[in-house]
Amino acid sequence: MAVISWLAALFYLPRLLAYHANATVGSETSETFKIMEHRLIRIIMTPAMVMAWLTGVLLAWGQSFYLEGWFLVKFVLVLAMSAFHGLCVSWHKTFEQDANTKTNAFFRMINEVPTLLMVIIVILVVLKPF
Ligand code: HEM
């Protein structure tokens, strides 16, 4: 449940930032996007990430997976997913300060990052190829 909620927010936030990049600074639309992004991060994205880490580490500990190759690669990819989370929060903060310089196209492009990470992570954890 934590992973599904975290990924749903990680797929949605860059899309919001993409539309926000097209909105005029100070406009009602821009102010509305600020609220939507803030609530998504505060109510869903960050709590879900914390729960994914807590339950994932507990799972790994309980079954001593932390010595297996697939898990070490998965762990690095989940760290990358968490770094992407952090970047999204910092981009949202620049919008809050009306200081965003990134384009709609940029946010649409980086929207693919969590998808790619998810595909590799799920294949690794289900097939455990090494
Ligand atoms: C946040 C850190 C995470 C840790 C420490 C972690 C660790 C683990 C561990 C130890 C298992 C049990 C594997 C088994 O019993 O076979 C597991 C299952 C799973 N993890 Fe994670 N995980 C994390 C995040 C994620 C993320 C971000 C995703 C998706 C993108 C994910 C997808 C899955 C899936 C799909 C399973 C079920 C595999 C199965 O039942 O065959 N995990 N995880």
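See the structure shown above.
Just so you know, these numbers come straight off a predicted model, no measurement behind them.

Asks: Please explain the overall build of the protein chain as it appears in this structure.
Replies: Along the protein chain, the regular secondary structure elements total five helices and zero strands. Written out in order from the N terminus, the α and β elements of the protein chain read α-α-α-α-α. Principal axes of the C-alpha set define a box for the protein chain whose edges measure 50 × 25 × 20 Å. Within the protein chain, contacts between residues separated by at least 24 positions form 79% of all contacts whose residues are at least 6 apart in sequence. Approximately 7700 Å² of the protein chain is accessible, and the part contributed by carbon and sulfur atoms is 72%. Charge-centre separation for the protein chain: the mean point of 9 positive side chains lies 6 Å from the mean point of 7 negative side chains.

Asks: So what exactly am I meant to see when it comes to the environment of Ser-5 here?
Replies: Inspection of the secondary structure assignment puts Ser-5 in helix H1 (residues 2-22). For Ser-5, a relative accessible area of 31% translates into the label partly exposed. Beyond its immediate chain neighbours, meaning those up to four positions away, Ser-5 contacts Ile-44 and Ala-48.

Asks: I'm lost on the site of the ligand in this one. Help?
Replies: Around the ligand lies a shell of 18 residues, among which Gly-56, Ala-60, Lys-74, Val-78 and Lys-128 are the nearest. Contact between the ligand and Lys-74: a nitrogen atom at 2.6 Å from a side-chain N or O atom of the residue. Of all the secondary structure elements, the ones that give two or more residues to the shell around the ligand are H1, helix H2 (28-62), helix H3 (69-96) and helix H5 (112-127). Examining the composition of the shell around the ligand, we find that six residues originate from one element, H2, more than from any other.

Asks: When you look at the coordination of the iron atom of the ligand in this model, what are you seeing that I'm missing?
Replies: Note on metal geometry: ideal angles are 109.5 degrees for four donors arranged tetrahedrally and 90 or 180 degrees for six donors arranged octahedrally. The protein gives the iron atom of the ligand a lone donor atom, Lys-74 (NZ), placed 1.9 Å from the metal. With respect to the element layout, Lys-74 can be found in helix H3.

Asks: Whenever I open this one, the nonpolar core confuses me. Can you help?
Replies: As a rule of thumb, nonpolar side chains are buried together in soluble globular proteins. Grouped together as the largest cluster of nonpolar side chains are 34 residues, with contacts concentrated most on Trp-6, Leu-10, Leu-13, Met-45, Met-81, Trp-91 and Phe-107. Contributions of two or more residues to this core are made by H1, H2, H3, helix H4 (104-110) and H5. With ten residues, H3 is the single largest residue contributor to this core. If we skip the residues at most four places from it in the chain, Trp-6 touches Met-45, Ala-48, Met-49, Ala-52, Trp-53, Val-78, Met-81, Ser-82 and His-85.

Calculation notes
- Residues numbered from 1 in each chain as written.
- Predicted model: local features only at pLDDT ≥ 70, side-chain atom pairs only at ≥ 80, totals over all residues.
- Heavy atoms only, no water.
- Helix = DSSP H or I, 4+ residues; strand = E, 2+ residues; numbered from the N terminus.
- Contact = heavy atoms within 4.5 Å.
- Areas by Shrake-Rupley, 256 points an atom, 1.4 Å probe, with all protein chains shown as cover.
- Lys, Arg positive; Asp, Glu negative; His and termini not counted.
- Charge placed at Lys NZ, Arg CZ, Asp CG, Glu CD.
- Buried < 20%, exposed > 50% of the residue type's maximum accessible area, 1.4 Å probe, protein only.
- Near = heavy atom within 4 Å.
- Polar contact = N/O pair within 3.5 Å; in protein donor to acceptor, adjacent residues only side chain to side chain.
- Donors = N, O, S within 2.8 Å, 3.2 Å for Na, K, Ca; no water.
- Core = buried A, V, L, I, M, F, W, Y, C linked by side-chain atoms within 4.5 Å.

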